[in-house]
Amino acid sequence: MEMKRALVLGAGGFIGGHLVKRLKKEGYWVRGVDLKRHEYEESPADEFVIGDLRDPRVCEKVLDQPFDRVYQLAADMGGAGFIFTGDNDAAIMHNSALINLNIAELASRMGVKKIFYSSSACIYPERNQMDPEKPVCAEESAYPAAPDSEYGWEKIFSERFYLACARNCKLPVRIARFHNVFGPEGTWTGSREKAPAAICRKVAEAPDGGEIEIWGDGKQTRSFLYIDECLDGVERLMRSDFTGPVNIGSEEMVTINGLAHMAMEIAGKKLSIKHVPGPLGVRGRNSDNRLILEKLGWAPSLPLKEGLAKTYAWIADRVRDNLVYATNPYG
Ligand code: NAD
């Protein structure tokens, strides 16, 4: 029997990197595409193409056959320090929209068997996320649309474009709205890292009894989904006949202060928190898993602390390596 073929766009990124590994284990022939190689791992993809998906010629080169599976994860993105400052708005909208316009149109023309598009919880209206105790993120609450970032507006536009291609060109698309996915082998420093990675890094770098900085008052709430469960959800969605959009996220809501204390407990350190001004996003956000339970009979369940412990261990190793290099005159 011929091997099934998968195309992973954004394979040099966090989720794409994990997805390539999983698809290889499941026996797929995999082509990965990204602007860059994966920073932390050698990709096991059968082919890894370095290319810019804003360019339609690159898209035609890599999406050159009716793949069994296409996963569109490529996006110009990062954590709050990247998407909420306003400094990157034009680039975020332009770059990600071009990628999605190219790929959805071409995938329709090439007759791919199934395509996955990663949307985001950032599409949900700001008005429903002012109360940190009771944010509303049910799928149908997305309209009338009012995301709080241009990143969210691009995602909701692209969701609609994939759905239009499904209606007009029979594109077999599956759309998930990811809620804060985290885990090892993700960006942990720079300015694109997200809250769990940033907090793990700050805790790992601080001496016991020291201090870490948290943006805002730390009372804003979020939920965080461990990478393995994110990919379990994606696989279930791809196997189903449900188009979505559907939330793939955890319902274990914590405050950012709570997340910091969890990381300190894992590290075995007592640290104080200094609250400083910074880009914040909405006051509260949590996944609502009623639809995924109803349609796929599944929802994630791994306790946040277990995923955070694995992530902390991975980041603490990197922090240790950095300190060794910084103090070794021959390093
Ligand atoms: P990531 O930034 O690690 O990966 C995205 C990859 O896309 C990067 O490696 C980047 O180089 C690549 N890329 C960007 N522009 C490109 C271009 N023009 N051509 C080719 N490649 C390009 O992000 P991630 O966390 O792995 O997220 C994957 C997808 O899931 C993204 O679409 C993101 O918006 C979405 N998402 C992620 C989260 C999360 O918490 N990680 C939450 C919601 C949605």
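Structure shown above.
Residues numbered from 1 in each chain as written. Predicted model: local features only at pLDDT ≥ 70, side-chain atom pairs only at ≥ 80, totals over all residues. Heavy atoms only, no water.

**Student:** Would you explain the overall build of the protein in this entry?
**Tutor:** Counting its regular elements, the protein contains ten helices and 13 strands. Relative to a compact globule of 331 residues, whose C-alpha radius of gyration would be 20 Å, the protein shows 20 Å and is just as compact. Projected onto the principal axes, the alpha-carbon positions of the protein cover approximately 60 × 50 × 40 Å. Scored against the burial criterion, the 331 residues of the protein give a buried share of 54%. For the protein, long-range pairs separated by at least 24 residues make up 78% of all intrachain contacts whose partners lie at least 6 apart in sequence. Put simply, the protein shows about 14,900 Å² of open surface, and 52% of that area lies on carbon and sulfur atoms. (Helix = DSSP H or I, 4+ residues; strand = E, 2+ residues; numbered from the N terminus. Rg over C-alpha atoms; globule rule 2.2 N^0.38 Å. Buried < 20%, exposed > 50% of the residue type's maximum accessible area, 1.4 Å probe, protein only. Contact = heavy atoms within 4.5 Å. Areas by Shrake-Rupley, 256 points an atom, 1.4 Å probe, with all protein chains shown as cover.)

**Student:** Just to check I follow, could you spell out the side chain of Asp 34 for this structure?
**Tutor:** Locating Asp 34 in the fold gives a position in strand E2 (residues 29-34). Within polar-contact distance, the side chain of Asp 34 engages the backbone nitrogen of Gly 13 at 3.5 Å. A distance of 3.1 Å separates a polar side-chain atom of Asp 34 from the backbone nitrogen of Lys 36. The residues touching Asp 34, leaving out its near neighbours within four places in the chain, are Gly 10, Ala 11, Gly 12, Gly 13, Phe 48, Val 49, Ile 50 and Gly 51. (Polar contact = N/O pair within 3.5 Å; in protein donor to acceptor, adjacent residues only side chain to side chain.)

**Student:** So what exactly am I meant to see when it comes to the site of the ligand here?
**Tutor:** Residues in contact with the ligand amount to 26 residues; listed here are only the nearest, Ile 15, Asp 34, Tyr 151, Val 181 and Lys 194. Residue Leu 73 places a main-chain N or O atom 2.9 Å away from an oxygen atom belonging to the ligand. Contact distances for the ligand include 3.2 Å between an oxygen atom and a side-chain N or O atom of Ser 118. Relative to its unbound accessible surface of 820 Å², the ligand loses 93% to contact with the protein. (Near = heavy atom within 4 Å.)

**Student:** Whenever I open this one, the nonpolar core confuses me. Can you help?
**Tutor:** Where a protein is soluble and globular, its nonpolar side chains tend to be buried together. Val 8, Tyr 71, Phe 116 and Phe 178 are the most contacted members of the largest nonpolar core, which has 60 residues in total. In terms of residues, this core owes the most to one element, helix H10 (residues 304-327), which gives seven residues. Contact partners of Tyr 71, with chain neighbours within four places excluded, come to Ala 6, Leu 7, Val 8, Leu 9, Leu 19, Leu 23, Phe 116, Val 234, Glu 235 and Met 238. The next biggest cluster of nonpolar side chains, apart from the first, holds 26 residues, and it includes Trp 29, Ile 99, Ile 103 and Ile 175. (Core = buried A, V, L, I, M, F, W, Y, C linked by side-chain atoms within 4.5 Å.)

**Student:** I would appreciate a short explanation of the state of the cysteines in the present structure.
**Tutor:** Joining two cysteines, a disulfide is a covalent bond between their sulfur atoms. Counting across every chain of the model gives zero disulfides. Looking at Cys 200, it has no disulfide partner, and the nearest cysteine sulfur is the one in Cys 230, 18 Å off. According to the relative accessible area criterion, Cys 200 is buried, its value standing at 0%. Between Cys 230, a free cysteine, and Cys 122, which holds the nearest cysteine sulfur, the sulfur-to-sulfur gap is 14 Å. (Disulfide = S-S within 2.5 Å.)

**Student:** Can you walk me through the packing of helix H4 (residues 89-110) against helix H5 (residues 150-169) in this structure?
**Tutor:** In a pair of packed helices, the angle between the axes and the distance between the axes together describe the arrangement. The interhelical angle for the contact between H4 and H5, taken along N-to-C directions, is 10 degrees, at an axis separation of 9 Å. Viewed along their axes, H4 and H5 adopt a mutual orientation that is roughly parallel. For the pair H4 and H5, the sense of crossing is right-handed. Between H4 and H5, the contacting residues are Asp 89, Ile 92, Met 93, Ser 96, Ala 97, Asn 100, Leu 101, Ile 103, Ala 104, Glu 105 and Ser 108 on the first element and Glu 150, Tyr 151, Trp 153, Glu 154, Phe 157, Ser 158, Phe 161, Tyr 162, Cys 165 and Cys 169 on the second. (Axes fitted to C-alpha atoms, helices over the stretch in contact; angles between N-to-C directions. Parallel < 35°, antiparallel > 145°, perpendicular 65-115°, else oblique. Left-handed = near helix turned anticlockwise from the far one by under 90°.)

**Student:** Looking at this structure, how should I read empty space enclosed by the protein?
**Tutor:** Inspection of the entire model under this criterion finds two cavities of 30 Å³ or more. If you add up the space inside the largest cavity, you get close to 40 Å³. Every residue lining the largest cavity is listed: Phe 182, Phe 224, Leu 225, Tyr 226, Glu 229, Ser 250, Leu 302, Pro 303, Leu 304 and Gly 307. Contributions of two or more residues to the lining of the largest cavity are made by strand E10 (225-226) and H10. Here the residues of the lining of the largest cavity sort into seven nonpolar, two polar and one charged. Each pocket or cavity is described by its volume, and for the second largest cavity that value is around 40 Å³. Every residue along the wall of the second largest cavity is listed here: Ala 11, Gly 17, Val 20, Lys 21, His 38, Glu 41, Glu 42, Ser 43 and Pro 44. Across the lining of the second largest cavity, the residue classes break down as three nonpolar, three polar and three charged. (1 Å grid on protein atoms, 1.4 Å probe; cavity = no way out; pocket = protein on both sides within 12 Å on 5 of 7 lines; lining within 4 Å. Points joined across faces, edges and corners; volume = space filled by probe spheres on them. Nonpolar A, V, L, I, M, F, W, Y, C, P; charged D, E, K, R; others polar.)

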